[in-house]
Amino acid sequence: MPPFKIPESVLVVIHTPDLDVLLINRVDMPDYWQSVTGSKDTEQETLVDTAVREVFEETGIACGPGTPLQANLRDWGLENIYDIYPRWLSRYAPGVTRNTEHVFGLQVPAGTPVRLNPREHGAWKWLPWRAAADASFSPSNAEAILLLPQFAR
């Protein structure tokens, strides 16, 4: 059995300069569209490193040190604390019921190629920010997308 997930995660709103937002569809929950999300791999992993890793693992978009997009990954300084969905509670240590999510934005050029991890996501689409917020299944994800005009460069 893999180790328990750490109840600290990132949410990365990937967007273009025109505020089109990338949403990805989970394979285990059809029609559940979301931005990139993921938990820290270790307690020592920084939130920026978690964001860089998750963006690359889930979309194939490289935004780490030495990449052209490194400066475009921005910590929005926002946190969401929420109850973990019951279907995923078994992934966490006994008694863990809440997760702390840290919000980031990543601006990418229009037309940036997307390569999904087929074990996690089966489809992707770019939507104007308001439509993306409406399409997101997660309330915290929708709220973050609605804040995009405030945080986009």
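Right above here is the structure, for reference.
Our subject in this report is the structure included herewith. Only a predicted model underlies this, so the values are computations on that prediction, with no experimental measurement involved. Position labels on residues start from 1 in each chain and follow its written sequence. At least 70 in pLDDT is required for a residue's local features to be given in this predicted model, at least 80 for side-chain atom pairs to be given and counted, and no such filter applies to totals for whole chains, interfaces and linings, which use all residues. Side-chain measures here rest on the full set of heavy atoms in the structure, leaving out hydrogens and waters.

1. Regarding the overall build of the chain
Phase 1 of the analysis: In this text, helices come from DSSP runs of H or I with a minimum length of four residues, and strands from runs of E with a minimum of two, each type numbered from the N-terminal end. Of regular secondary structure, the chain possesses four helices and seven strands.
Phase 2 of the analysis: Put simply, the chain runs from its N terminus to its C terminus through helices and strands in the order β-β-β-β-α-β-β-β-α-α-α.
Phase 3 of the analysis: The C-alpha atoms of the chain give a radius of gyration of 15 Å, which matches the 15 Å a tight globule of 153 residues would have.
Phase 4 of the analysis: By its C-alpha atoms, the chain is 45 × 35 × 30 Å across when sized along the principal axes. Computation of the radius of gyration draws on C-alpha atoms, with the globule rule given as 2.2 Å multiplied by the number of residues to the power 0.38.

2. Some words on unusual backbone geometry
Phase 1 of the analysis: Positive phi values are uncommon outside glycine, yet Leu-19 reaches one of about 70 degrees.
Phase 2 of the analysis: In this model, Asp-31 sits at a positive phi of 70 degrees, which is unusual for a non-glycine residue.
Phase 3 of the analysis: If you trace the backbone, Asp-31 turns up in the loop between strand S2 (20-26) and strand S3 (33-34).

3. Overview of the nonpolar core
Phase 1 of the analysis: Core analysis: the largest hydrophobic core is formed by 18 residues, its most contacted members being Val-12, Ile-14, Val-55, Ile-61, Cys-63, Leu-73 and Leu-106.
Phase 2 of the analysis: Sorting the residues of this core by element identifies strand S1 (8-15), S2, helix H1 (47-59) and strand S6 (98-107) as the ones contributing at least two each.
Phase 3 of the analysis: Other than its neighbours up to four places away in sequence, Leu-106 contacts Val-12, Val-13, Ile-14, His-15, Val-55, Ile-61, Cys-63, Leu-69, Asn-72 and Leu-73.
Phase 4 of the analysis: Core analysis: the next-biggest nonpolar cluster, separate from the first, contains 17 residues, Leu-127, Ala-132, Ala-144 and Phe-151 among them. Nonpolar cores were defined as sets of buried Ala, Val, Leu, Ile, Met, Phe, Trp, Tyr and Cys residues, with membership established by side-chain atoms within 4.5 Å. Partly exposed residues are those whose accessible area sits between 20% and 50% of the maximum for their type, while under 20% is buried and over 50% is exposed, using a 1.4 Å probe and protein chains only. The contact rule is simple, with two residues in contact once any of their heavy atoms fall within 4.5 Å.

4. Let's talk about the packing of aromatic side chains
Phase 1 of the analysis: Side-chain rings of Phe, Tyr and Trp (the six-membered ring for Trp) are treated as a pair once their centres are within 6.5 Å; stacked means planes under 30 degrees apart, edge-to-face means over 60, and tilted covers the remaining angles. In this structure the tally under the stated criterion is four aromatic pairs.
Phase 2 of the analysis: Judged by centre distance (4.6 Å) and plane angle (50 degrees), the rings of Tyr-32 and Phe-137 are tilted. Remark: Phe-137 occurs in the loop between helix H2 (129-135) and helix H3 (139-146) and Tyr-32 occurs in the loop between S2 and S3; sequence separation between them is 105 residues.
Phase 3 of the analysis: Classification of Phe-137 by relative accessible area gives partly exposed; the value is 22%.
Phase 4 of the analysis: The structure contains a cluster of three or more aromatic residues connected by ring pairs, namely Tyr-32, Tyr-85, Trp-88 and Phe-137.
Phase 5 of the analysis: The ring centre of Phe-56 lies 5.4 Å from the NZ or CZ of Arg-115, which sits over that ring.
Phase 6 of the analysis: The ring of Trp-33 carries Lys-125 above its face, with NZ or CZ at 4.1 Å from the centroid. Here, a charge over a ring is recorded when the distance from Lys NZ or Arg CZ to the ring centre is within 6 Å and its angle to the ring normal is within 35 degrees.

5. Some thoughts on the pairing of S6
Phase 1 of the analysis: The buried fraction of S6 is high, at nine of 10 residues.
Phase 2 of the analysis: In the sheet, S1 pairs with S6 via eight bridges, with the strands oriented parallel. Of the residues in S6, the one forming a bridge with Glu-8 is Thr-100.
Phase 3 of the analysis: As defined by bridge partners, strand S5 (residues 73-83) adjoins S6 across nine bridges and the pair is classed as antiparallel. Its bridge partner lying in S6, Asp-83 is registered against Arg-98. Think of it this way: DSSP has to see at least two bridges between two strands before they count as a pair.

6. With respect to the layout of surface pockets
Phase 1 of the analysis: The distinction between a cavity and a pocket rests on a 1 Å grid over the protein atoms alone: a 1.4 Å probe fits inside a cavity but cannot get out, while a pocket stays open yet meets protein on both sides within 12 Å along at least five of seven lines, and a residue with an atom within 4 Å of a point counts as lining. Grid points are joined across faces, edges and corners, and a volume is the space filled by probe spheres set on the points. Here the largest pocket is characterised by a volume of approximately 820 Å³.
Phase 2 of the analysis: In terms of lining, the largest pocket is formed by 36 residues, of which the most central are Lys-5, Thr-37, Gly-38, Ser-39 and Arg-91.
Phase 3 of the analysis: Of all the secondary-structure elements, those providing two or more residues to the lining of the largest pocket are S1, strand S4 (36-39), H1, S6 and H3.
Phase 4 of the analysis: The element best represented in the lining of the largest pocket is H1, accounting for four residues.
Phase 5 of the analysis: Residue classes in the lining of the largest pocket are distributed as 13 nonpolar, 10 polar and 13 charged. For this classification, the nonpolar set comprises Ala, Val, Leu, Ile, Met, Phe, Trp, Tyr, Cys and Pro, the charged set comprises Asp, Glu, Lys and Arg, and every other residue, Gly included, is treated as polar.

7. What to know about H1
Phase 1 of the analysis: A helix is expected to reach a length of 1.5 Å times the quantity of its residues less one. An ideal rise of 1.5 Å per residue puts 18 Å on 13 residues; H1 measures up with 18 Å between its terminal C-alpha atoms.
Phase 2 of the analysis: Looking only at H1, the buried set comprises Thr-50, Ala-51, Val-52, Arg-53, Glu-54, Val-55, Glu-58 and Thr-59.
Phase 3 of the analysis: Of the surrounding secondary structure, the elements contacted by the buried residues of H1 are S1, S2, S4, S5, S6 and strand S7 (121-128).
Phase 4 of the analysis: One or two positions beyond H1, positive phi appears at Gly-60, with a value near 75 degrees.

Geometry only, nothing functional implied.
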